[in-house]
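Architecture at a glance
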Amino acid sequence: MTGYFITNVRIFDGTGREPFSGSVRVEGNRITDVGPVTTPPRQHGGVVIDGGGGTLMPGLIESHAHLGFADIMSHELTRLPPEEHMLVTVRNAKLMLDCGYTSAFSAASPKPRLDVVLKREIEAGSAPGPRLRANGPEITVTGGLGDSNLLHVPYHETPTFCWIADGPDAMRRVCRTLAREGVDNLKLNLSGDLGTSSFPSDQTPMSDAEVMAAMEVARAAELRVAAHCRSNDSVRMALRHGIDVIYHANWSDERTLDELEAARDRVFVGPALGITYNLAQAAGQWGVTAERSAMFQQELEVSIDVLTKMRKRGIRVLPGGDYGFPYTPHGTYARDLWIFVKVLGFSAAETLVAATQLGGELMGHPGELGVVKAGALADLLLVDGDPLADITVLQDRSALRMIMKDGALHKAPEGRG
Ligand SMILES: [Zn+2]
């Protein structure tokens, strides 16, 4: 059997256990052995990789991916023709894997079949990219986040980056359509947003009846549901209906934090703070006025407070999110890990456990994805340096010596593969 014996490495296994020196054996697409042994077994017919004392860790997992976002504003995505759009999406998938991200949980794709087709190509080995849970367009209500229609211009019945569903029947139709097209995830925009919606961040335009209808379809089709929830009410609504992933949660109050804590074994929170952080300091750039920047600064301060409380309460908070805008371009995903450490006060180990082991749970493979142990899927990263001592090393692609996905080398260590 072909395989790899990776030796002379310090192993961070994704569980938070103290890193240890040793070696890892890979056969097929699985890790078959992890241990202190440093010499390859006699019958081992595979390739020996000398890790040079670097850190071997699980591949990173992006919890809020938008591979179809094109580093442009979302309303501009409507003008991107499908042919160009598919190519951009394919390129982003390769870039994400180049950055050491071997799995991606999609938080919406701006056309219904971009993720679905990409996933099929990746799984067939025809295009490089992370393991992908595919999503369709964000689902919103009239006037909600993503409804860019204006009464005086022709109405787009289905805006390309977002689908509008008013009322339970329309919601069921939209969700069933996406399920039919093959998505794994749905994304609902429950709350408003700062400056890009007619409803602000602290309002909740989607109704209980609409969310309930979406969940009914999701359960029948076994889809995971993620939701844009900035307002306090939207977080409570998400919890009430059993939504799996709550994005942002900026304005959660103490009572909502109690409910999140009670549901912490079931629910994930993804703050996706990169946008808020970057726009808080963006005055004068990307058309952001000083006044708007100050509003993001306020939202950032509230979020830091709320997320610090979540960390202390043991709520599963995942790094990653919303890369694909001009102010959060593709390829800068690992900056989110730095934000967790530098801005939110997570330890590097807590951050990396969230980006690996917890990410594996989010992807639907608890215990076999995002961990380095015998029997787990062989998604591995060999890093020159110690990300636990300096998390920014993961932003340096040249420090990623080896990237392995599903037992195959995407990036081979120098002089091999
Ligand atoms: Zn997003």
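Everything in this summary refers to the structure shown in the same document. For every chain, the first residue of its written sequence is number 1, and the numbers climb from 1 along that sequence. For this predicted model, a pLDDT threshold of at least 70 governs which residues receive local features, and a threshold of 80 or more governs which side-chain atom pairs are given and counted, while totals over whole chains, interfaces and linings are taken from all residues. To obtain the side-chain values, all non-hydrogen atoms of the structure were included, while hydrogens and water were left out.

For the rest of this paragraph, the subject is the coordination of the zinc ion. Water is not part of the atom set, so a site may look incomplete; the donors themselves are N, O and S atoms within 2.8 Å of the metal, or 3.2 Å for Na, K and Ca. Protein-derived ligands of the zinc ion are H64 (NE2), H66 (NE2) and D322 (OD), with the metal-ligand distances lying across 2.0 to 2.1 Å. Mapped onto the sequence, the residues coordinating the zinc ion show the spacing H-x1-H-x255-D. Linking H66 in the loop between β6 (60-65) and α1 (74-77) with D322 in the loop between α9 (290-312) and α10 (335-342), this pair joins segments that are 256 residues apart in sequence. Both residues of the pair, H66 and D322, belong to the buried class. Counting from the N terminus, the helices are DSSP H or I runs at least four residues long and the strands are E runs at least two residues long. Per-residue accessibility, obtained with a 1.4 Å probe over protein chains only, is compared with the maximum for each type, and a residue is labelled buried under 20%, exposed over 50%, and partly exposed between these values.

In this analysis a 1.4 Å probe is tested at points of a 1 Å grid over the protein atoms alone, and where it fits but cannot get out there is a cavity; an open set with protein on both sides within 12 Å along at least five of seven lines is a pocket; lining residues have an atom within 4 Å of a point. Grid points are joined across faces, edges and corners, and a volume is the space filled by probe spheres set on the points. What the largest pocket holds in volume is close to 640 Å³. Along the wall of the largest pocket there are 34 residues; nearest its centre are S74, L145, D193, T196 and F325. Where the lining of the largest pocket is concerned, the elements lending two or more residues are α1, α8 (274-280) and α9. Counted as a void, the second largest pocket has a volume near 340 Å³. What lines the second largest pocket is a set of 20 residues, among which I122, G129, P130, R131 and K405 lie closest to the centre. Tallied by class, the residues present in the lining of the second largest pocket amount to 10 nonpolar, four polar and six charged. All residues other than Ala, Val, Leu, Ile, Met, Phe, Trp, Tyr, Cys, Pro, Asp, Glu, Lys and Arg, Gly among them, are scored as polar; the first ten of these are nonpolar and the last four charged.

Of all hydrophobic cores here, the largest spans 67 residues; its most connected members are L188, L190, L260 and M310. A total of six residues in this core trace back to one element, the largest contributor, which is helix α5 (residues 208-221). Should any heavy atoms of two residues lie within 4.5 Å, those residues are considered in contact. Look past the residues within four positions of M310 in its chain and what remains in contact with it is A249, S252, L257, L260, V269, I315 and V317. The set of buried Ala, Val, Leu, Ile, Met, Phe, Trp, Tyr and Cys residues whose side-chain atoms join them within 4.5 Å is what this entry labels a nonpolar core. L95, C99, A399 and I403 belong to the second largest nonpolar core, which has 31 residues in total.

The full count for this structure, using the stated rule, is one cavity of 30 Å³ or more. There is about 40 Å³ of room inside the largest cavity. Forming the walls of the largest cavity are C99, G331, T332, Y333, A334, L394, Q395 and R397. Residue classes in the lining of the largest cavity are distributed as four nonpolar, three polar and one charged.

Stacked, edge-to-face and tilted labels apply to pairs of Phe, Tyr and Trp rings (six-membered ring for Trp) whose centres lie within 6.5 Å, assigned for plane angles under 30 degrees, over 60, and everything in between, in that order. A complete count under the given rule lists seven aromatic pairs for this structure. For the ring pair F325 and Y327, a centre distance of 5.6 Å and an interplane angle of 10 degrees mean the geometry is stacked. For F325, a relative accessible area of 10% puts it in the buried group. By relative accessible area, Y327 is classed as buried at 9%. Each member of the aromatic cluster is reached from another via a ring pair, and the members are F69, W286, F325 and Y327.

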